[in-house]
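These are the residues of each chain, in order.
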Amino acid sequence: MRILIKNKSLNLNKQNTIVLFVNSKFDLEGLDNKPIYRYIDIIKKSIYLNKDEKKDLLSFDINPQIKIIIIKITKDKKIPNNNEKLGAKFFDFIQSNSFQKNLFIDSNLKFYSQSNKNFFDQFLSGMLIKSYDFDKYRTKKNNNIFHIYIYGNFKVNILRNNDKLKSLVEGINFTKDLVSEPGNILHPDEYVNRIKKLKSFGLKITILDKKKLKQLGMNALLGVGQGSIRGSYLAIIEWRGSNKKQKPIAFVGKGVCFDTGGISLKPAKFMEDMTYDMAGSAVVVGLMKTLALRKAKVNAVGVVGLVENMPDGNAQRPGDIVKSYSGKTIEILNTDAEGRLVLADALTYTEKKFKPKFIVDLATLTGAIIVSLGSEYAGLFSNDDKISDQLSKAGEKVGEKVWRMPLNENYDKLINSKKADMQNINYVGGAGSTTAAQFLQRFILNKTPWAHLDIAGMAFSKYGGALNSGGATGYGVRLLNQLIEDNYE
């Protein structure tokens with residue numbers, strides 16, 4: 001199911017569905033469109049007969065030609081992204097009730113330009129996000145298209161802002177597409193090809209292959225992928241939207257395209273979900289596409305480590321010791337604690353190469369964070385209060401929440417190794433997410449402000465939510481885009 005948004009004059013001589021908004025008391029505010037106004041008494045009477053205080057949406061016919069959908073708007077600033085959720089609910093409503101595919105939305109709202117000035121942008125965003133459907137491999141596809149036409153006093157403003165909205169939704173959907181692809185399709189070699197295509201949007205793409213990574217000494221990353229017939233890569237995506245001398249902001253993503261656990265093999269049950277173990281990288285790639293599409297006035301760099309973790313005669317073994325790009329040595333006690341090895345080299349490289357203002361990394365890193373926070377919050381670990389606060393505020397604004405978790409040097413003893421500088425897992429037990437983040441922090445060498453987002457509970461949903469159907473959620477793109485909009489443009 002797709003949605004196309006345009007402007008178009010309302011023609012009451014054709015069969016149409018008209019969408020009107022009411023306030024929490026079911027009063028029509030600002031309805032001054034003359035063609036519709038002649039039906040105002042019928043509409044008010046129908047609202048009175050059909051209204052339900054517990055429902056946000058209702059519909060009725062006012063004649064054989066015209067169907068009306070009424071949407072109740074509750075202005076509650078305490079509810080994050082309430083307008084987007086209403087847009088998503090509206091999409092579900094029109095899809096499940098088999099409405100005509102041409103819908104006219106009346107934009108004559110008194111409160112639109114005042115207390116709820118971003119209402120339409122957010123409402124349409126919710127519709128578009130909710131309408132995503134990964135049907136690429138289904139032989140019977142839902143090719144229906146809803147045409148949403150905006151008419152009334154504010155249609156020009158809405159459609160002007162819609163370009164920015166489309167850029168964000170396109171970035172989110174690109175992230176969802178990447179996460180939704182099966183492992184036999186989106187292996188590291190194919191992933192690199194898709195990233196290269198982003199050059200057409202004005203992004204600078206640099207790919208470091210296995211040979212180059214070996215020359216640089218990125219043995220932590222290479223060790224994870226050495227059991228796969230596929231390549232291992234570090235992909236660098238740069239956007240220059242501001243002064244060339246300005247330090248970039250940096251985003252680093254874990255891209256384990258499929259994670260069997262390696263020699264420390266995972267249980268068979270639910271292993272098929274490990275196609276989404278590259279979701280952190282997909283967020284970074286989708287964000288960079290969004291920044292390019294909307295011509296963001298910021299310098300940003302995205303760095304993603306792309307590997308496949310497979311069991312093989314050449315695979316990394318428990319007990320191996322590798323030397324990372326930083327020069328620090330790591331004892332591999334469990335090959336299924338692989339994401340932190342990929343990020344270790346990527347973090348040090350990003351800090352050393354680009355000297356950014358800050359680094360945010362994203363990864364489906366630990367099952368322990370799901371035990372801690374479920375699917376409501378991503379785990380936030382950071383060495384910097386400022387970036388932590390900015391991420392928290394951005395997350396509340398768009399409904400992609402983060403919860404700060406502790407880092408402390410006392411946790412270091414749990415990952416210190418007797419044979420190397422550190423070990424890649426805490427065998428004592430407990431604090432699994434914190435010790436993983438504590439491990440990553442060791443690869444920030446020059447005190448660069450850094451935040452780690454463990455999105456294991458947020459990147460994929462079997463049941464769906466207010467803004468997403470089941471599957472890939474695209475969590476993180478809106479969060480980081482809002483972080484940039486609010487603080488760095």
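Structure report, in brief. (Residues numbered from 1 in each chain as written. Predicted model: local features only at pLDDT ≥ 70, side-chain atom pairs only at ≥ 80, totals over all residues. Heavy atoms only, no water.)

**Points about helix 13 (residues 432-441)**
Inference 1: Most of helix 13 sits inside the fold, with 8 of its 10 residues counted as buried.
Inference 2: Along helix 13, the residues that are buried comprise Ser433, Thr434, Thr435, Ala436, Ala437, Gln438, Phe439 and Leu440. (Buried < 20%, exposed > 50% of the residue type's maximum accessible area, 1.4 Å probe, protein only. Helix = DSSP H or I, 4+ residues; strand = E, 2+ residues; numbered from the N terminus.)

**As for the sheet that holds strand 11 (residues 321-323)**
Inference 1: What the 3 strands build is an open sheet, ordered 11-12-16; its pairing is mixed. Edge positions in the open sheet fall to strand 11 and strand 16 (422-423), since each of these has one partner strand only.
Inference 2: Note that strand 12 (residues 329-331) and strand 16 share 2 bridges and pair parallel. Note that in strand 16 the partner of Glu331 across the bridge is Gln423. (Pairing = 2+ DSSP bridges.)

**A word on the packing of helix 9 (residues 279-293) against helix 14 (residues 477-487)**
Inference 1: Here helix 9 crosses helix 14 at 45°, and the two axes come no closer than 9 Å. On the basis of their axis angle, the class for helix 9 and helix 14 is oblique. Between helix 9 and helix 14 the crossing geometry is right-handed. Here Val283, Gly286, Leu287, Thr290 and Leu291 of helix 9 lie close against helix 14, whose contacting residues are Val477, Leu480, Asn481 and Ile484.
Inference 2: For the contact of helix 9 with helix 14, the class distribution of residues is 6 nonpolar, 3 polar and no charged. (Axes fitted to C-alpha atoms, helices over the stretch in contact; angles between N-to-C directions. Parallel < 35°, antiparallel > 145°, perpendicular 65-115°, else oblique. Left-handed = near helix turned anticlockwise from the far one by under 90°. Contact = heavy atoms within 4.5 Å. Nonpolar A, V, L, I, M, F, W, Y, C, P; charged D, E, K, R; others polar.)

**Brief notes about the side chain of Asp454**
Inference 1: When you line up the elements, Asp454 lands in strand 17 (residues 450-454).
Inference 2: There is no salt bridge for the buried Asp454, and the closest opposite charge comes from Arg340, which lies 7.4 Å off by N-O distance.
Inference 3: At a separation of 3.2 Å, a polar atom in the side chain of Asp454 contacts the main-chain amide nitrogen of Leu365.
Inference 4: A distance of 2.7 Å separates the side chain of Asp454 from the side chain of Thr366, its partner in a polar contact.
Inference 5: If we ignore the near neighbours within four places in the chain, the residues touching Asp454 are Ala363, Thr364, Leu365, Thr366, Ile369, Ala378, Gly379 and Ser433. (Lys, Arg positive; Asp, Glu negative; His and termini not counted. Salt bridge = Lys/Arg side-chain N within 4 Å of Asp/Glu carboxyl O. Polar contact = N/O pair within 3.5 Å; in protein donor to acceptor, adjacent residues only side chain to side chain.)

**Looking at the pairing of strand 4 (residues 66-72)**
Inference 1: A large share of strand 4 lies buried, amounting to 6 of its 7 residues.
Inference 2: As paired elements, strand 2 (residues 16-22) and strand 4 share 7 bridges and run parallel to each other. Bridge pairing in strand 4 links Val19 to Ile69.
Inference 3: Taking the residues between adjacent antiparallel strands as the criterion, strand 3 (residues 57-61) and strand 4 are bridged by 4 residues.

**Concerning the nonpolar core**
Inference 1: Ranked by size, the top nonpolar core spans 87 residues in total, and within it Ile69, Phe90, Phe123, Tyr191 and Leu480 carry the most contacts.
Inference 2: Broken down by element, this core gets its largest block of residues, 9 residues, from helix 9.
Inference 3: When sequence neighbours within four positions are dropped, the list of residues in contact with Phe90 reads Val19, Leu57, Ile69, Ile71, Leu103, Phe123 and Met127.
Inference 4: Within the second largest apolar cluster, 38 residues are counted, among which are Met218, Leu234, Ala250 and Val301. (Core = buried A, V, L, I, M, F, W, Y, C linked by side-chain atoms within 4.5 Å.)

**Side note on the pattern of salt bridges**
Here the idea is simple: oppositely charged side chains can pair when their charged atoms come close.
Inference 1: Going through the model one piece at a time under the given rule, you end up with 25 salt bridges.
Inference 2: The partner of Glu376 in a salt bridge is Lys401, and the shortest N-O contact between them spans 3.4 Å. Taken as a pair, Glu376 in the loop between helix 11 (368-373) and strand 14 (378-382) and Lys401 in the loop between helix 12 (385-398) and strand 15 (402-404) lie far apart in primary sequence, 25 residues in all.
Inference 3: The exposure class of Glu376 is partly exposed, given its relative accessible area of 48%.
Inference 4: It is possible to trace a salt-bridge network through shared partners that takes in Lys136, Glu181, Glu190 and Arg194.

**Thoughts on the sheet that holds strand 7 (residues 204-208)**
Inference 1: If you trace the 8 strands from one edge of the open sheet to the other, you get 7-8-10-9-13-17-14-15, paired in mixed fashion. Pairing within the sheet leaves two strands with one partner each, and these edge strands are strand 7 and strand 15. Neighbour-to-neighbour, the strand axes of the sheet open up by a mean angle of 20°, direction not taken into account.
Inference 2: Here 3 bridges tie strand 14 to strand 15, and the two strands are oriented parallel to one another.

**Observations regarding the packing of aromatic side chains**
Each aromatic ring pair is described using two quantities: the centre-to-centre distance and the angle formed by the ring planes.
Inference 1: Scanning all chains against the criterion turns up 15 aromatic pairs.
Inference 2: For the ring pair Phe21 and Phe123, a centre distance of 5.5 Å and an interplane angle of 85° mean the geometry is edge-to-face. Within this pair, whereas Phe21 is found in strand 2, its partner Phe123 is found in helix 4 (residues 119-130), the two being separated by 102 residues in sequence.
Inference 3: Ring centres of Phe90 and Phe123 lie 5.6 Å apart, and the angle between their planes is 35°; on these two criteria the pair is classed as tilted. Taken together, the positions of Phe90 in helix 3 (residues 82-96) and Phe123 in helix 4 put the pair 33 residues apart, joining distant regions of the chain.
Inference 4: The class for Phe90 is buried, based on a relative accessible area of 0%.
Inference 5: Note on Phe123: relative accessible area 0%, which makes it buried.
Inference 6: Chaining the aromatic ring pairs together yields one cluster made of Phe21, Phe90, Phe119, Phe120 and Phe123.
Inference 7: Lying across the ring of Phe174, Lys289 places its NZ or CZ 4.5 Å from the centre.
Inference 8: Looking at Lys401, its charged tip hangs above the ring of Tyr377, at a distance of 4.6 Å from the centre. (Phe/Tyr/Trp six-rings, centres within 6.5 Å; stacked < 30°, edge-to-face > 60°. Lys NZ or Arg CZ within 6 Å of the ring centre and 35° of its normal.)

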